[in-house]
Structures are given as C-alpha cells and as structure tokens.
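Chain and residue survey
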Amino acid sequence: MLDFLKKQRIVVKREPQYIYVDRLKRFEGTVVLVTGATGSIGEAISRRFAVEGARVVLTGRSEEKLKSLQAQLSQEGLAVDYAVMDVSNEHSVAAAMQTVANRLGGIDVLINNAGYSARSEKKYLHEQTVENIDNLMRVNLRGVILTSREVVQYMMSSKQGRIIHISSIVGMQGKVAHAEYAAAKAGLFGLMKSQAIELGRYGITVNCVSPGLVPRETASDEKLSDSARKTVLDKLCVPEDIAHSVAFLASKEAELITGQNLAVDGGRSLGLKGD
Ligand SMILES: NC(=O)c1ccc[n+]([C@@H]2O[C@H](COP(=O)([O-])OP(=O)(O)OC[C@H]3O[C@@H](n4cnc5c(N)ncnc54)[C@H](OP(=O)(O)O)[C@@H]3O)[C@@H](O)[C@H]2O)c1
C-alpha cells in the first residue's frame, strides 16, 4: 500500500463506542468495586458498570480525586459510592472492603485496575533502584494479591463472584526498560490461574484483561501515530475499549470463562507486522 494511503488509515484519536449499553442493565443489584478508579481506565470501567445499573464503589488513595469523580458521574446521572483504599496497605484494604460490604451487603465484582508503569523513569533493570522496584511491586502485584485475598470472603458465602485483573501486553511480551513492570504484570497471570482453580468451586471466576497502549492526553500526535502503526488494526485503544471487555467478563454471558487473559490491543501483541 502507498505510504500516504497507509498513513490515512492510522487512527490516532477515537471516540468511545457506546452502543445501546445503557439498555443492557446487566449489573443491576451487583456491587462492583474498582481499584484505581480515578485513573483513565478505572474511570471508564466505573462509568461502564454504573451505566449498566451496578452499585459501583470507586476506590483509590486520594479522597479528593474520588469525590471529584463521584460528582462528575453524578452530573451524568450516575450515582456511585467511594471508599479510600491504598492497595499497598493490607489494613487499608481490609478496612475499606469491610466498610463497603457492610454498607452495600457484599461485594460481587472486583476489578483490580490500580497500577502504574513508571513510564517516566525509563530505566534498565540494572539502573533501577530497589526502592522503585519495591514500590512498583507493592502496588502492581502485591496490591492485587492483597485485594483478591480479602474480597474472597465476601464472595464465597454467596457462591458467586467475578475477579478481573488489569494486566498489560507488556506482561505478555516484555518491554525494554520496563522489566519490573513486565514481571509484576506477568505475575498476575500466575495469580489469576491459581485463583481460578482455587475458587471455581465457589462459583467465582478470575480473568485478566491486558490493554495495549491507552494514550494519555499529553502524548504527541507523532508518538501516537507511531504507536498506532505498530498495531494490526492501525488503531490505539481508548479506555472504553478496556471497559467493554471487563464488563463482558463480569457478565452472566461469561460465566464459563475463567483463568483466561484477554488482550485488548488492536493486535499489537500478535508480533511484528513485517513492515
Ligand atoms: N494506560 C496504558 O497504556 C496501560 C496499558 C496497559 C496496562 N495498563 C494498566 O491499566 C491500569 C490503569 O492504568 P491507567 O493508565 O488508567 O493509569 P492511571 O491513569 O495512572 O491511573 C492509575 C490509578 O491507580 C491508582 N493507584 C495508584 N497507586 C495506588 C495505590 N497504592 N492504591 C490504590 N490506588 C492506586 C491511582 O489513584 P490514586 O493515585 O489516587 O490512588 C489511579 O486511580 C494499570 O494497572 C496499568 O498498569 C495501562
């Protein structure tokens, strides 16, 4: 294909797709707890569940950010709760979950989305400080283990539950200057599979969604089109793409799916395109 035509196919900025979502209402009466709800992907996931009728609990470390998102969703006609919860602190996790379960009568769905890649650090592993590595592991892997461990007690008794970890295609494939992030995200696959085996008898499914690059507002058009070109579909993800897949895995339609990883990445993780 001629270069200029190919360039035109590259879709850098996409509008979120919401087709009849508000009519689905698959999660009425369901309590959904989202970690890292104030980030870009967490917000889209929270909005998606709220639109479908769930009782969503936004969680994160900053009460100010949580209140602001709650107010924004309220302006959109979506009533949500929030709870301050630092996933790196076991006491904070236990206290927040207990408060939520007492207030709302349980927790049906846990979305483990809190995490960061320290993209700005861009260091090879041998240059990385132990402190940075520990901090990243504490949130991205240990944090997911802690929340998963805690939530199960609220799901076991009701013999149902959905746990979804947000991993990354970096965990599937590795990435230069992201070794500790890749290790943490790959660790989620082992966690997910073991949990899926352990929890199946209680009607609880555990799955992962692995996003490709979900660009930030600050990224340059040049960087974005370069990243889009690396995907098979010549398109980058928007947060709503991730939310759609998460909602599917939490839905009744996905009740037989457990221990699986779903890459939502425009085909980026398939390998080299040859161009
Ligand atoms: N964006 C991408 O391209 C991409 C690609 C693949 C995978 N992912 C994964 O998707 C998830 C969300 O990414 P994002 O791009 O939406 O990130 P983001 O916008 O930076 O949001 C991260 C969220 O995590 C929360 N958080 C951070 N540390 C926390 C802690 N100790 N306890 C509780 N919450 C904490 C932050 O809230 P507070 O700071 O207020 O606590 C924030 O709400 C992450 O797990 C990320 O690794 C992202």
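In what follows, the accompanying structure is described. (Residues numbered from 1 in each chain as written. Predicted model: local features only at pLDDT ≥ 70, side-chain atom pairs only at ≥ 80, totals over all residues. Heavy atoms only, no water.)

**Description of the site of the ligand**
- Around the ligand there are 28 residues in total, and T38, R61, N113, Y181 and V214 lie nearest to it.
- Within the side chain of R61, an N or O atom sits 2.7 Å from an oxygen atom of the ligand.
- Here an oxygen atom of the ligand sits 2.8 Å away from a polar atom, N or O, in the main chain of N113.
- For the ligand, whose accessible area on its own is 880 Å², the fraction buried by protein is 89%.
- Those elements giving two or more residues to the shell around the ligand turn out to be helix 3 (40–51) and helix 9 (179–199). (Near = heavy atom within 4 Å. Polar contact = N/O pair within 3.5 Å; in protein donor to acceptor, adjacent residues only side chain to side chain. Areas by Shrake-Rupley, 256 points an atom, 1.4 Å probe, with all protein chains shown as cover. Helix = DSSP H or I, 4+ residues; strand = E, 2+ residues; numbered from the N terminus.)

**Focus: helix 10 (residues 221–229)**
- Those residues of helix 10 that sit buried are L224, S225, S227 and A228. End-on, the buried residues of helix 10 take up no more than an arc of 160°, which puts them together on one face. (Buried < 20%, exposed > 50% of the residue type's maximum accessible area, 1.4 Å probe, protein only. Arc of directions from axis to C-beta.)

**Observations regarding the pairing of strand 3 (residues 81–84)**
- Bridging between strand 2 (residues 55–60) and strand 3 involves four bridges; their strand directions are parallel. Residue pairing in the sheet places V57 in a bridge with D81 of strand 3.
- A crossover connection joins strand 2 to the parallel strand 3 through helix 4 (residues 63–75); in handedness this β-α-β unit is right-handed. (Pairing = 2+ DSSP bridges. Right-handed = clockwise from strand over helix to strand, strands pointing away.)

**A closer look at the nonpolar core**
- Grouped together as the largest cluster of nonpolar side chains are 37 residues, with contacts concentrated most on M97, V100, I107, V151 and I163.
- Contributions of two or more residues to this core are made by strand 1 (31–34), helix 5 (90–104), helix 6 (130–140), helix 7 (142–156), helix 9 and strand 6 (204–211).
- Ranked by residue count, the leading element in this core is helix 9, at nine residues.
- Ignoring anything within four residues of it in the chain, the contact list for V151 reads M97, I107, L110 and I163.
- By size, the runner-up hydrophobic cluster in this structure holds 34 residues, among which are V34, F49, V56 and L66. (Core = buried A, V, L, I, M, F, W, Y, C linked by side-chain atoms within 4.5 Å. Contact = heavy atoms within 4.5 Å.)

**A short note on the sheet that holds strand 7 (residues 261–264)**
- Spatially, seven strands are ordered 3-2-1-4-5-6-7 in an open sheet, and the strand pairing comes out parallel. The strands lining the two open edges of the sheet, one partner per strand, are strand 3 and strand 7. Taking each pair of neighbouring strands and ignoring which way they run, the sheet shows an average axis angle of 20°.
- The sheet contacts of helix 5 involve strand 1, strand 2, strand 3 and strand 4 (109–112), and relative to strand 3 the element is tilted by about 155°. (Axes fitted to C-alpha atoms, helices over the stretch in contact; angles between N-to-C directions.)

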